[in-house]
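Chain residues, written in single-letter form:
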Amino acid sequence: MNWRAVGALARKDLWEVRMNKVAWIPAAIVPMVIVVLLPLAFILAPNLFAPSTGTPDPNANVQTLTNLVPSSMVTELHGLNDAQRWVVFSTGFVSAPMLLLLPLMFSSIAGADSFVGERERKTLEALLYTPATDSELFLGKVIASVVPALLLTWMSFVVYAVVVNAAGWNIMQRVWFPTAAWWPLMIWVAPAIATLGMAAAVLISSRVSTFMEAYQLTGTLVVIVLALVVAQATGVLSLSVGVTLLVGAALWAVDAVLVWLGVRLFSRGAVKALA
Amino acid sequence: MDAIQTDALSRRYGNLTAVADVTLTVARGEVFGVLGPNGAGKTTMVRLLNGVLAPSAGSCRVLGLDPARQGSGLRRRTGVLTESPALYERMTARENLRFFGTMYGMPAGKLAARADAMLEAFGLAERADAKVGGFSKGMKQRLALARALLHEPEVLFLDEPTAALDPEAARRVTELIMEFTRQAGRTVFLCTHYLPEAQRLCDRVAVLNRGRLIATGTLAELARTLWHGTWVDVECLVASAPDLLEAVRVVAGVTDARLDEPDGTRLAVQVEGEERIPAVVRAIVERGGQVVRVNAREHTLEDVYFELQGEPAHAQPAVASETSGRGGRR
């Protein structure tokens, strides 16, 4: 494996994504919403709209929602008042799958630009005439898609943790976030989701001819994460530590198949694009 | 050892045969042209010979390596210039060269110096740090040629290198190709349908049609297989005797003759060899012709090409119609 070539290609691709405003502007806005505005809304809104007594009303809605928490989380809510339960439930439990949007979005955008953009800009042929093997080219592009997606996700996670703990300090009176289930989510599931986004971009890129088409199609993957959000919020699925590990394992299995297909399609797709 | 050898090389895309049973050799240091219309299989040949595509049948070796199995090692020793420059337009000229140099495995220290030297040699030093997107087509193609030569390849593949350029830019690129290949004794595999360029650059040519090799050789060799004898144009000052044509036709070694002007001031004579020309001139003079100009026609690559493709060359209508089908070229 010629790691120098792989690194050069990854750096070049990252540089090109940075130059593509259509790619990075949404990638900058969405994290702001998810890791800053959303937790602030969850934590501060009940206070802003609460009765003049200043204490959030332990109303039936909160009670209904918090009743959805799985047994694994009951211990985390034990001994908390309703305001604290709301903070933990909304920002520590319901929001968890929302952060998974980030690795998916980052990697699929970078992947679409890297794989389809190369073809769209008619630079693929010159790349194929270099000594780099198909595997090295593929790996360089995977690194350019997945690694920054993960770094941005983890940075967003750190910001999210700071926002949640700071905004909820008056209610919680301690650093309570992240809870146990978040660690496997970030370390195990987020890389799997990032790989899924990249693999999907590769598969889609073999069917479309422009970055915008690929960008729009990879956007449909959001449905997967939204399904997790809804399932989590309605109690159908609970991302406890055990379930998170299982979900991650399932995603990695899907990734393995998609990457295998992606490598094959990348070679064929490259040649097909030239034919 | 030959630089390039192909043996019944074939490549199909589904039902379409792009290259069919092509067998040829290119010697080291030779400038070899592959001529043919669009869709003749030229670009597919370049891809096959660089291991970008695998053959459907047959085999090929470049510098003794099998491109399909040893493509990576081979591509370190070859350079390719395509019709489209395929440069990263948001990067500068220097960044493009450095990126591709790294992809070709050049050591960083050597790469920086070599990239600067190439930019200088190709007249791009002043724009080295400008984004390629702002370059003219000619500048982009010069930069792409610099990229193809950056790692000092032993074999240079040029696929329609000047097709998209205006005449001035094309001439500049052609001059650079000559300068950087002849001096270094590089093997060049030039695919083109720009025939003057091929005639100027190539030692030998192969002619492809619909993926099949229909002829290969030097211009003189190809002309000999197509046309027997040489056409000579004779121009006289005043009208010649009415029986001039008959008198010329009976000269030994004359195979055909015709009047280009009815009054006999211009005629074309086909002779077996140039040594027959004095006898022809003598016959004309004996009939009162005052010869002012005698010109033995030389076949151009264009004549040869169109004859091989089955289309009479405009410059040689009589010859083409007379010799069509001769020569065992298929």
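The following paragraphs examine the structure supplied in this document.

Parameters and conventions
- Residues numbered from 1 in each chain as written.
- Chains lettered and ligands numbered in written order.
- Predicted model: local features only at pLDDT ≥ 70, side-chain atom pairs only at ≥ 80, totals over all residues.
- Helix = DSSP H or I, 4+ residues; strand = E, 2+ residues; numbered from the N terminus.
- Buried ≥ 20, exposed ≤ 12 C-beta atoms within 10 Å, placed from the backbone.
- Contact = placed C-beta atoms within 7 Å.
- Nonpolar A, V, L, I, M, F, W, Y, C, P; charged D, E, K, R; others polar.
- Pairing = 2+ DSSP bridges.
- Axes fitted to C-alpha atoms, helices over the stretch in contact; angles between N-to-C directions.
- Core = buried A, V, L, I, M, F, W, Y, C linked by C-beta atoms within 7 Å.
- Domains from an automatic or database assignment.
- Expected span 1.5 Å × (residues − 1).
- Arc of directions from axis to C-beta.

Attention now goes to the overall build of chain B. On a plain count of helices and strands, chain B comes out with twelve helices and 13 strands. Referenced to the eigenvectors of the C-alpha coordinate spread, the extents of chain B come out at roughly 80 × 45 × 35 Å. Counting the 330 residues in chain B, one finds 44% classified as buried.

Each partner contributes to the interface: chain A provides 19 residues, whereas chain B provides 20 residues. When contributions to the side of chain A that touches chain B are tallied by element, the ones reaching two or more residues are helix H1 (3-19) and helix H8 (124-128) of chain A. A per-element tally of the side of chain A that touches chain B places H1(A) first, with six residues. Tallied by class, the residues present in the side of chain A that touches chain B amount to ten nonpolar, four polar and five charged.

Turning our attention to the sheet that holds strand E11 (residues 254-259) of chain B. All names here are of chain B. Taken in spatial order, the four strands line up as E11-E12-E10-E13 in an open sheet, and their pairing is antiparallel. The outermost strands of the open sheet, each flanked by one partner alone, are E11 and strand E13 (291-296). Ignoring which end each strand starts from, the neighbouring axes of this sheet average 20° apart. Two elements, strand E10 (residues 230-236) and E13, share five bridges in a ladder whose sense is antiparallel. Residue pairing in the sheet places Val234 in a bridge with Val294 of E13.

It is worth spelling out the nonpolar core at this point. Phe189(B) and Leu190(B) are the most contacted members of the largest nonpolar core, which totals 158 residues. Examining the composition of this core, we find that 16 residues originate from one element, helix H11 (residues 182-205) of chain A, more than from any other. Split by domain, this core shows at least three residues from each of two domains, domain 1 (4-223) and domain 3 (301-330) of chain B. Apart from residues no more than four positions distant in its own chain, Leu190(B) is found in contact with Val31(B), Phe32(B), Gly33(B), Val34(B), Leu158(B), Ala198(B), Leu201(B) and Cys202(B). Among the nonpolar cores identified, the runner-up in size contains 13 residues, and Val232(B), Leu244(B), Ala257(B) and Val271(B) belong to it.

All right, on to the environment of Leu49(B) then. All names here are of chain B. Locating Leu49 in the fold gives a position in helix H1 (residues 42-49). Accessibility expressed as a C-beta count within 10 Å gives 26 for Leu49, which makes it buried. For the pair Leu49 and Thr102, spaced 53 residues apart in sequence, the C-alpha separation works out to 22 Å. With sequence-adjacent residues up to four places away left out, Leu49 is seen in contact with Ile4, Cys60, Val62, Pro67, Phe157 and Phe189.

Now for unusual backbone geometry. Note the cis peptide between Phe177(A) and Pro178(A), where omega equals 5°. Take Pro178(A): it is sitting in the loop between helix H10 (169-172) and H11. Although it is not a glycine, Ala86(B) adopts a positive phi angle of roughly 50°. Here Ala86(B) shows up in the loop between strand E5 (78-81) and helix H3 (93-103). In the Ramachandran plot, Glu152(B) falls in the positive-phi region, its phi being about 50° despite a non-glycine side chain. Relative to the elements of secondary structure, Glu152(B) occurs in the loop between helix H5 (137-149) and strand E6 (155-159). Given 13 C-beta atoms within 10 Å, Glu152(B) falls into the partly exposed group.

Quick look at helix H4 (residues 108-121) of chain B now. All names here are of chain B. Compared with an ideal rise of 1.5 Å per residue, which puts 14 residues at 20 Å, H4 spans 20 Å between its outermost C-alpha atoms and is within 8% of the ideal. For H4, every residue scored as buried is listed here: Leu111, Arg114, Ala115, Met118 and Leu119. For H4, the angular spread of the buried residues around the axis is 135°, confining them to a single face. Across H4 from its buried face, at more than 90 degrees, point the exposed residues Gly109, Lys110 and Ala113. As for H4, its buried residues are in contact with H3 and H5. Within two residues after H4, Gly123 carries a phi angle of roughly 70°, on the positive side.

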